[in-house]
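Structure at a glance
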Amino acid sequence: MSAADIGADDLRELYRELILDHAKSPRHFGKLGEATHSAEGVNPLCGDKLHMYLKVDGDRIEDAAFEGSGCAISVASASLLTEVVIGLDTENALEYFSALVARLTGRAESEAAPSPVELGKLRALEGVREFPSRVKCATLAWHALNSALHHEERATTE
Ligand code: ZN
């Protein structure tokens, strides 16, 4: 089956399943003992609270993990984040952060420059664009990652 055979509805269903799967069985969940960077992310609007841990060696993110609690979207997003950023250079991880935030907040279209990164499975989070309050849930972990990489202790969506 080629990609062209997959309709928009099928794709939405696949994305929904991916989100549910990550929310139910978050990857890299727990504390990272050898973390070199960490930050807390808080979304008071929804009650999501998580802690992001990174192990950075030189410019490379060797490992990532998170713990905390929140709604399905915030947990799934954090889980997807850990899968995406492990093995990336910190600069590249921050490009994903910018690209995802731009994409979810609708700023991407207005920018002339194409997104520097292919969002890949992170596009599963695009469904939240229809629900502005959930955008904060979907980007929380990424704000925490951004804070951690900039040696800030806390990120809040408010
Ligand atoms: Zn939430």
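Here the structure is shown first, and the text comes after it.
One structure accompanies this document, and this report is about it. (Residues numbered from 1 in each chain as written. Predicted model: local features only at pLDDT ≥ 70, side-chain atom pairs only at ≥ 80, totals over all residues. Heavy atoms only, no water.)

What follows concerns the pairing of strand 2 (residues 48–57). The pairing of strand 1 (residues 37–43) with strand 2 spans seven bridges and is classified as antiparallel. Its bridge partner lying in strand 2, His37 is registered against Leu54. With nine bridges connecting them, strand 2 and strand 3 (residues 60–69) associate as antiparallel partners. What sits directly across from Val56, in strand 3, is Ile61. (Pairing = 2+ DSSP bridges. Helix = DSSP H or I, 4+ residues; strand = E, 2+ residues; numbered from the N terminus.)

Pairing within the open sheet is mixed, and its four strands lie in the order 3-2-1-4. Two strands close off the open sheet at either side, each with one partner strand: strand 3 and strand 4 (154–156). Across the sheet, the mean angle from the axis of one strand to that of its neighbour is 20°, orientation sign disregarded. Where helix 4 (residues 132–149) meets the sheet, it contacts strand 1, strand 2 and strand 4, and its direction lies at approximately 150° from that of strand 1. (Axes fitted to C-alpha atoms, helices over the stretch in contact; angles between N-to-C directions. Contact = heavy atoms within 4.5 Å.)

As a further point, take the pairing of strand 1. In terms of residue burial, strand 1 counts as a mostly covered element, since six of its seven residues are buried. In this structure, the hairpin formed by strand 1 and strand 2 is closed by a connection of four residues, where Gly47 is found at a positive phi of approximately 95°. The pairing of strand 1 with strand 4 spans three bridges and is parallel. Bridge assignment links Gly41 to a residue of strand 4, and that residue is Ala155. (Buried < 20%, exposed > 50% of the residue type's maximum accessible area, 1.4 Å probe, protein only.)

Within the secondary structure layout, Ala64 lies in strand 3. Judged by relative accessible area, Ala64 falls into the buried class, the value being 1%. Sequence separation between Ala64 and Val84 is 20 residues, and the spatial gap between their C-alpha atoms is 9.6 Å. If we skip the residues at most four places from it in the chain, Ala64 touches His28, Leu32, Tyr53, Leu54, Thr82, Val85 and Ile86.

What follows is about the coordination of the zinc ion. Cys46 (SG), Asp48 (OD), Asp48 (OD), Cys71 (SG) and Cys137 (SG) make up the full set of protein donors to the zinc ion, lying at 2.1 to 2.7 Å. Read N to C, the donor residues that coordinate the zinc ion are spaced as C-x1-D-x22-C-x65-C. Residue Asp48 is located in strand 2, and its partner Cys137 is located in helix 4; the two are separated by 89 residues in the primary sequence. The two residues Asp48 and Cys137 agree in class, both being buried. (Donors = N, O, S within 2.8 Å, 3.2 Å for Na, K, Ca; no water.)

With that settled, consider the packing of helix 2 (residues 72–85) against helix 4. Helices that pack against each other are described as a pair by the angle of their axes relative to one another and the distance between those axes. Their axes nearest at 8 Å, the elements helix 2 and helix 4 cross at an angle of 35°. When the axes of helix 2 and helix 4 are compared, the crossing they make is right-handed. Of the residues in helix 4, those touching helix 2 at Ile73, Ser74, Ser77, Ala78, Leu81, Val84 and Val85 are Arg134, Cys137, Ala138, Ala141, Trp142 and Leu145. By residue class, the composition of the contact of helix 2 with helix 4 is ten nonpolar, two polar and one charged. (Left-handed = near helix turned anticlockwise from the far one by under 90°. Nonpolar A, V, L, I, M, F, W, Y, C, P; charged D, E, K, R; others polar.)

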